[in-house]
Every structure is written in structure tokens, then in C-alpha cells.
Amino acid sequence: MSADESSDGVAAPQGLCSAEAAAALTRLGPNQLNPRPQAMLGQLLARFLNPLVLVLLAACVVSALTGDRASATIIGVVVAVSVLLDFAQEYRAGLAAQRLAQQVAVTALVLRDGQPVRRPTTELVPGDVVLLSAGDLIPADAQVLQAQDFFVNQALLTGEPYPVERHAMRLPLPEQGAWDTDAAGALFMGCSVVSGSARALIRRTGARTAVGQIARDLERPPPPTGFEIGTRQFGLLIMRLTLLLVLFTLGVNLALHRPLLESFLFAVALAVGLTPELLPMVVSVTLARGALRMAKARVIVKRLSAIQDMGAMDVLCTDKTGTLTEACIRLERHVDAQGRESERVLKLAYLNSFFESGLKSPMDDAILAHEHLDVSAWTKIDEVPFDFERRRVSVLAERGDERLLIVKGAPEDVLGLCTHYESGAEPAKEHADLDVQPFDSAARARVQALFDALGQDGFRVLAVASKRAPRTLVDAVVGDEADLVLAGFAAFLDPPKASARAALHALAASGVAVKIVSGDNPLVTRHVCTELGIAITGMLTGTEIAAMNDDALRARVEEVNLFCRVNPQQKNRVLLALKARGHVVGYLGDGINDAPSLHTADVGISVHGAVDVARQAAALILLENDLGVLHAGIREGRRTFGNVMKYIMMATSSNFGNMFSMALATLVLPFLPMLPLQILINNFLYDLSELPLPLDNVDEADLARPQRWDMGFIRDFMLRIGPISSVFDFLTFFILLGVLHASPAEFHTGWFVESLATQVLVIFIIRTRGNPLASRSNRWLALTSLGVVALAIALPFTPIASVLGFTPLPPAFFALLPVLVVLYLGVVELAKRRFHRRWAMRHSTV
């Protein structure tokens, strides 16, 4: 292709003068991706605004003021570790934007005062004209003014390894909005020039470029993940319940003219008892154990909470190139003009690529890597090098008396030079004549249909042709590329990874919907989906997404599972639309163009060979190219979620029921139902029994489907199970006061033992949705729980009992205690099964 005349495209100015450039630089700022300095202190303090953190901090302060230094220390350490882990993750996200700034050019050849001079890229401004050639990095977003055989690699934005041609356009690119990566004259910062030369007008610099938009996306705080939303909602629930019960209790005691200090301490102890101070510890320990198990599977967990989000993930969006495919072009087929596999086509293509002396393309590398052929008998005579106007390369080679001109290139160009085609297999005898037929209109139609079919299947195709040359031909020229005999086509693909098909099927079987979000064209992406066994339920292109508002996109993303020709911002919109519909979304990608999506997703997943920016933005890194570990990671996340939910359901049912009973008991008892110190000891021993929860086993049924925070589920479970605990507490009150005629000290002691026994042992009911006798708990959880109950029973008989306000209980109480506990556990089991059955029925109809 000849150089574009400036009259054919955007007018070609001679660039800016030095004064104009300096004024523009002052007005617009330097052309660099320079993330704003992060206010570390502000980020750290913002982490304390989580409602659950505020509740825990309040409990810590109150414990310290009332002399319970041990509880204050434990809660303070747990909160500090949790906050620092979250802060470290957020700060690391800012580093991704800084790494992105290192991916662009340092200097550029620019016209200043009409003369080409080399200047730092930071000094470039809109209106500058730059001169680009092979090997350059494009210094800013620009529009081609003139071009000569100009090809660029846009893998930084699209992820695709194939070079694309760029030339001048008649109309200028828009000032506002994203540019189409397929626009013939669009050049993007950070992309590289493969071949040719061009003159381009700088249109956008710094943060206004496409890469700058990615950097800004990485700087923004990511949308809250499902895990963060769940813990915030749970914290608000606990905060409201705590405030309500504490104010109620304090008001009742003051109304009954009970001692102010004792009433206040009782209310404070009640607040501490309601606070799930072990939740951060349970979460952290469970996640840490999961991270260690995943590390053994060659998966690095950068953000611990991502394991939890993986358990809740129900949609996985994945880029194609480098994640589902090998990101390495391979020769997949070599067929003759009839579509039959042909060794002759492979041999001719191999000879052409082997003897080609110019810059070899990825497809040349694929041909040579496909199979080693012995070409030692052949000698190269001459070559007509590849150029982007002819789009082909010809090699003149001989073997003995046989001299061939072998042509390989774009089918659209090579087919026009053919007058015959090979209609049969290569002859058995070396010098025998080939079966050659005229390339008439009928033959051309058949060959064109074959070429179109290969394209529909997603192949990149080269045509291979040859002709016998006289021995007098030693200097081949373009004119010799005529009267060719078509041998056939070489078809190339970026093949799917061997592990991808089984991994994606395992994800689908586990309730995770897979959606492909790619910058590649629909034909190639459809072929990859077919190879991986992914049924396409709907498709949207980047052009269609750009024409939609957010509401329209949210309406379509549910049914569509294939998104093609999408730029980084459009990928981000797809993820946000899915999250807006209530999905927990994972994203798998490895390129710079994937970084915003990795940052936005609930779970950002990258691979070992990804660029630095992608690895920095991701929460999980796969060290091996085996996507099967994704499925293992999801099961690990669900195991984590299951054990965390056990603690939460305990805290919002049995534990809450006991605290609720204490609040109500103040209305009917002439004395406090339990002393403040006894409440704190009860709470401490209960927490002690829950320490092994991170080690507990999780039912297979809970690992088979996504598990996510559902405050409606937690609230309803609390309202169904919590009152049962209160009913049995009041039954205990009746036995202690009406049957055993207990004194206040005996009442305190008896209820302490009963409440601790019921709320600790109920873990064996709550920890499974099914039969507790069929679901085996962790040995340490069983031993610790039984040990705490035994300690509670023995505590009134120890020397420190009087100090704690306890007194020995009559044998009649211990005869009734097992009956109460067994009856309570049986009623909770029936209520639990009924609740789960009704919840499942209601959920299945939604």
C-alpha cells in the first residue's frame, strides 16, 4: 500500500511550535499515568466505619472501662488485624496503577517548529505530530495522518496477538467517548508498531487516553464484594439488636429502682454477650487455612476475603486469550482445494516459511513449530519479500531438477493469482506430474466456500500456491507471481487449554455460570466456545453495548453468555451490570486490558504468565495453567463460608435467645437474672467452645452450590430458632423457682449451667442442614464443646465458685438438666429442618 496522502484523511499539520506546546503542557499537564498520591491515613481510618468494626470497638472500650482487660485486649487485637489486612489489600490496588505507568514509551520523535526532534513522551500534548516506525511504542492516543504499510500490535488493549493495519481516515475520531479499537486510524498509548511507518496527530494524552482510563479505574475503590456487603449488613443487624436490648434492659432496671451501677454493668455485660467478637477471628483463621490449602494446589491468594467470595461466586466472566486459550497461534489444519488434509500443503508452507528471510510472523512460527520436515535437499534461490500491499511472500527454491516458486499469503490476494488448482494427492514418485485442474468459476466458488467455512469456524487462513519455474529464473520479482497453482489453505487457531473444558464443565455443574468476555471477533470466539463445549445462549458485541444505557445492559446480561469485541470499559460495564442483578462475579484475565475488570470483580483471578498490572490487580493467581484449581478454590470458599455461617447462625439464634431471655427476665424477676461477671464468663466460655469452628467439616451438599450472605436467611433463622432458646430458658426459670425453689445464687448458677450447655451443644444441630448424627463434626470441635459444658457443670463446685457468685446445685437439677438439653436439641432439630425445607421451597419459586 502506498503512503496515504494527507488529502485522503485528516489534514496533516506540521505540528506545534515550541510556545504552543509549552502553553498546552501547562494547561493540560504532562502526558503520563501518574496516579494521585494515596492518603494512607485516610484509607486506614475509613476501614473503621464498618458497622461490625464499630460494634466490636464499642465492646472493647466498654470492657476496658469495666475492668475486663482480657476481653478488651482480645477484641482489640482481632479488630486491628482484620482492619490492617483490608487496608493492605486496598493500598496494593493503587500499586497496580503505578505499574501500568511503566508500560509506555519514554521518548518520541515529534515535529516541533516544523522539525523532527526527540522529546520525552511526558512533554507531548494534543496537537503534536509524531513520527512512528517499526519498534516504537505509541506515546499517546493518536490518529493516523499518513501511513506506509503501517501495522501495530494492540494486545495491550485487546489481548489479541495478531497485528492490525492502520491508515488515515477521512473523518476525525470523536473528541469525547471511547474510540473503537477497530477504527482504521486509531492509535492507542502503549501499543507497539510492528512494521511500516506513519505520521500521527496526538489527540489525547495522560489520563485522557484509553490506558489512562484503565489506570483511573484501578485507582478507584472497587465496588464492595458480596462478602463486604454481607458483613456490613450483619454488623448493622447486631448493632440494632444490641442497642435495642441494652436500652430496654437499662430502662427496665431503672424503672424498677434497682442500683444504677449494677444495672449499668448488667446492660454492658449484655452488650458484650451479644457482640460476635470472635467473628473476625473465625473468618481470618478459616480464610488463612483455606489459603494454605490453595497454596498447595499452586494458587496464591493475595486477598484472603477472595476465598470467601469464591464460595459465593455464581458467575465467572473470563477473557479468552491466555486464560481459556494458550495465547500461542498453532497450525491446526492444512487442507487442499477440496478441504482434505494435505501433507503437500504443509510441505509447501514449511518451505516458504523456512526460507523466508524477512521478519517472520506468528503464523510462520506456527508452521515451523507444527512438524519438523527435512528440507535439506532443497536450496533457496531467491525471494520476493513480504509487504503489506501484496500481503504475501514468495520463495524460489530448487531440489535437483525441480525449481518451484512457492507463494504464501492472504487468500484474497493469492486466489486472484491462481489459474489452476491441485485436485489430487501429491504423487508417489518424486518427479511425477501433479493432478492439476483449471481454476474455473465453479472451482473458484467451491474454494471460496471452503475459505468462508474456515473463517466461520474461527480460523485465520493463509493460501498456499506454487508453480514450476524454469532453471533460467534466478531473480524472482513480483511479476513472476502469476499463473499459480493453488495447493490449498493453512488454517491457524489459538487453541483452548487442555484443562479448560473439564474445568468449565465442573464450574457449571457447581452452579457457576460461565460468560466469555473477549476483545476478539465473534467468529473466533464462537469457535473457542464450541471447542470448550459452551452452549451460546446469547451474544452482544462492543458496538451493541456502547449503544445501551446501564438499565438496558442489566436487562440483557442475564441471558447473554458471549460478549465480543469489547474494550476494557465495556468489560467493566458487563461486570457491574451482573453485580447490580445480585450476582457475585468472578473475572479471569491476564492482560492490561483485563486489569479494570479484575479490580471491579468480587473475585479477580489471573494466571502465572499474566502481565504485572493484571497480577497486581487480581486477588488470586494461578501458578499453573490448570484451570481445574478454580473449581477446587470455589469448594474451598464454600467450606470457608459454611464454617463462618455456623458461627453467625449460633450468634443470631441460641446466643441471641439467651441474651433476649436475660432482657425479658428483668421484667419478672426481683433480682438480676445473672450477674454481670457471670454473663462475661458465660460469653468467654461460649467463645472458647467455638474456637475450633474453622477446622470443622462441611457437608458435601453445601459444597455443591454457591453459598452467599443472605440477611433475610439469617434474620428469619434468628426469628425461628432464637425464641426456642428463650422458651427453654423460661422453662428453666420455672423449674428453678417453682420446682426447686432456688435462691438468687442458685438461680444464677442453674441458669448459667443450663444456658451454656444448650447454646454450646446446639452447634451440633446448627452445623448441618441434615441429620446431625450423619454429619461428622471435627474432633476438636466436639472435644472443646463437651469440655466447656463439663467445665460449666463443675465450676459451682470449685474453690472460686463463691468469688464468681456461684453455689453448688441440688442433685435434682442435674437429673432434670439432661432432659432439658435433649428436649431442647430435639425441638431445634425439628424447627431447623422445617425452616430449611420451607426456605428451599420459597427460594425455588423465586
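Residues numbered from 1 in each chain as written. Predicted model: local features only at pLDDT ≥ 70, side-chain atom pairs only at ≥ 80, totals over all residues. Heavy atoms only, no water.

*Asks:* Break down the overall build of the chain for me, with residues and values.
*Replies:* Within the chain one finds 31 helices and 23 strands. Scored against the burial criterion, the 846 residues of the chain give a buried share of 54%. In the chain, 74% of the contacts between residues at least 6 apart in sequence involve partners at least 24 apart. Roughly 34500 Å² of accessible area belongs to the chain as shown, and the carbon and sulfur atoms make up 61% of that amount. (Helix = DSSP H or I, 4+ residues; strand = E, 2+ residues; numbered from the N terminus. Buried < 20%, exposed > 50% of the residue type's maximum accessible area, 1.4 Å probe, protein only. Contact = heavy atoms within 4.5 Å. Areas by Shrake-Rupley, 256 points an atom, 1.4 Å probe, with all protein chains shown as cover.)

*Asks:* How would you sum up the nonpolar core? Please name residues and give values.
*Replies:* In terms of nonpolar packing, the biggest core is built from 164 residues, with F150, L187, F563 and F752 touching the most fellow members. For this core, the leading source of residues is helix α26 (residues 711-739), giving 11 residues. Beyond its immediate sequence surroundings of up to four residues, F563 is in contact with K515, I516, V517, S518, L540, I545, V557 and V574. Within the second largest apolar cluster, 28 residues are counted, among which are L396, L405, L473 and L484. (Core = buried A, V, L, I, M, F, W, Y, C linked by side-chain atoms within 4.5 Å.)

*Asks:* Describe the packing of aromatic side chains, listing the residues and the values that go with them.
*Replies:* The geometry of an aromatic ring pair is captured by the separation of the ring centres together with the interplanar angle, meaning the angle of the planes. A complete count under the given rule lists 19 aromatic pairs for this structure. With 5.5 Å between their ring centres and 75 degrees between their planes, F671 and F747 make a pair best called edge-to-face. Here the residue F671 occupies a position in the loop between α23 (654-668) and α24 (676-690), and F747 occupies one in helix α27 (residues 744-761), the gap between them amounting to 76 residues. Given a relative accessible area of 18%, F671 falls into the buried group. In this structure F747 comes out as buried when scored by relative accessible area, which is 0%. With 6.0 Å between their ring centres and 25 degrees between their planes, F835 and W839 make a pair best called stacked. Within this pair, F835 and its partner W839 are both found in helix α31 (residues 811-844), separated by 4 residues, close to a single helical turn. (Phe/Tyr/Trp six-rings, centres within 6.5 Å; stacked < 30°, edge-to-face > 60°.)

*Asks:* An account of the environment of V194 is needed here, citing residue identities and associated values.
*Replies:* Secondary-structure assignment places V194 in strand β7 (residues 192-204). V194 sits in the partly exposed class, given a relative accessible area of 27%. With 42 residues separating them in the primary sequence, V194 and V152 have C-alpha atoms 5.1 Å apart.

*Asks:* Lay out the pattern of salt bridges in plain terms, naming residues and giving numbers.
*Replies:* Applying the stated criterion across every chain, the model contains 29 salt bridges. Ionic pairing is found between E398 and R403, a salt bridge with its closest N-O pair at 2.7 Å. The burial state of E398 is the same as that of R403; both residues are buried. Taken together, the shared-partner salt bridges in this structure form one network comprising E356, D364 and K408. (Salt bridge = Lys/Arg side-chain N within 4 Å of Asp/Glu carboxyl O.)

*Asks:* Give me the lowdown on the sheet that holds strand β9 (residues 315-318), citing residues and values where you can.
*Replies:* On the basis of which strands lie adjacent, the open sheet formed by 8 strands has the order β8-β23-β22-β21-β9-β18-β20-β19 and mixed pairing. At either end of the open sheet lies a strand with only one pairing partner, and these are β8 (299-301) and β19 (539-541). Going across the sheet, the axis of each strand differs from the next one's by a mean of 20 degrees, ignoring polarity. Pairing analysis gives 4 bridges linking β9 to strand β18 (residues 513-517), with the strands arranged parallel. By the bridge assignment for β18, L316 is matched with V514. (Pairing = 2+ DSSP bridges. Axes fitted to C-alpha atoms, helices over the stretch in contact; angles between N-to-C directions.)

*Asks:* Now, about helix α11 (residues 343-355): what can you tell me, with residues and values included?
*Replies:* Every α-helical turn comprises 3.6 residues, leaving residues that sit three or four positions apart pointing alike. Between the first and last C-alpha of α11 there are 18 Å, a value that for 13 residues agrees with the 18 Å anticipated at 1.5 Å per step. With 11 of 13 residues buried, α11 lies mostly within the body of the structure. Taken together, the buried positions of α11 are R344, V345, L346, K347, L348, A349, Y350, L351, N352, S353 and F355. (Expected span 1.5 Å × (residues − 1).)

*Asks:* So what's going on with the side chain of R112? Residues and values would help.
*Replies:* Summarising the element assignment, R112 is placed in strand β1 (residues 107-112). Residues within four places of R112 in sequence aside, it is in contact with L16, A21, V117, R119, E123, L124 and D128.

*Asks:* Before we move on, can you summarise a nonpolar patch on the surface with the specific residues and values?
*Replies:* A cluster of nonpolar residues, F248, L667, V668 and F730, forms a patch on the protein surface that exposes about 350 Å² of accessible area. Positionally, V668 belongs in helix α23. (Patch = residues over 30% accessible without salt bridge, like charges linked within 9 Å, V, L, I, M, F, W, Y side chains within 5 Å.)

*Asks:* Please give an account of the side chain of N682 that cites residues and values.
*Replies:* When you line up the elements, N682 lands in helix α24. Residue N682 is classed as buried on the basis of its relative accessible area of 2%. Looking at N682, its side chain comes within polar contact range of the side chain of S755, at 3.1 Å. (Polar contact = N/O pair within 3.5 Å; in protein donor to acceptor, adjacent residues only side chain to side chain.)

*Asks:* An account of α27 is requested, with residue identities and associated values reported.
*Replies:* Under the 1.5 Å per step criterion, the end-to-end length of α27 is 26 Å for 18 residues, consistent within 8% with the ideal 26 Å. Of all the 18 residues making up α27, 15 are buried; the element is thus mostly covered by neighbouring parts of the structure.

*Asks:* Give a description of the confidence of the model for the chain that names residues and reports values.
*Replies:* On average, residues of the chain carry a pLDDT of 82, and 85% of them reach 70 or more. Ranking the elements of the chain by mean pLDDT puts helix α4 (residues 69-100) last, at 59, and α11 first, at 95. Scored below 50 in pLDDT, residues 100-105 shows 17 contacts in the model against residues more than four places distant or in partner chains. Note that pLDDT drops below 50 for residues 428-432; the model gives that stretch 3 contacts with residues more than four away or on any other chain. (pLDDT = per-residue confidence, 0-100.)

*Asks:* Residues and numbers for unusual backbone geometry, please.
*Replies:* Most of the time, phi is negative for any residue but glycine, and the peptide bond is trans. If you check the backbone angles, D113 has positive phi at about 55 degrees while not being a glycine. Mapped onto the secondary structure, D113 falls in the loop between β1 and β2 (115-120). Its relative accessible area of 48% is what places D113 among the partly exposed residues. For H741, which is not a glycine, the phi torsion comes out positive at approximately 50 degrees. Of note, H741 is situated in the loop between α26 and α27. On the accessibility criterion, H741 (61% relative accessible area) is exposed.

*Asks:* Describe the packing of helix α15 (residues 500-509) against helix α16 (residues 522-532), naming the residues involved and giving the relevant values.
*Replies:* The N-to-C vectors of α15 and α16 enclose an angle of 75 degrees; their axes lie 9 Å apart at closest approach. By the angle between their axes, α15 is roughly perpendicular relative to α16. Contacts between α15 and α16 involve A500, R501, L504 and H505 from the former and T530, E531 and L532 from the latter. Among the residues making up the contact of α15 with α16, the classes are represented as 3 nonpolar, 2 polar and 2 charged. (Parallel < 35°, antiparallel > 145°, perpendicular 65-115°, else oblique. Nonpolar A, V, L, I, M, F, W, Y, C, P; charged D, E, K, R; others polar.)

*Asks:* Before we move on, could you go through a positive patch on the surface and cite the residues and values that matter?
*Replies:* Judged by side-chain charge, R720, R834, R837 and R838 come together as a positively charged surface patch. Residue contributions to the positive patch peak at 3 residues, all from α31. In this structure, R834 sits in helix α31. (Lys, Arg positive; Asp, Glu negative; His and termini not counted. Charge placed at Lys NZ, Arg CZ, Asp CG, Glu CD.)

*Asks:* Outline the environment of I793, listing residues and values.
*Replies:* Relative to the helices and strands, I793 is located in helix α29 (residues 779-794). For the pair I793 and G750, spaced 43 residues apart in sequence, the C-alpha separation works out to 9.2 Å. Other than its neighbours up to four places away in sequence, I793 contacts V753, F814 and L817.

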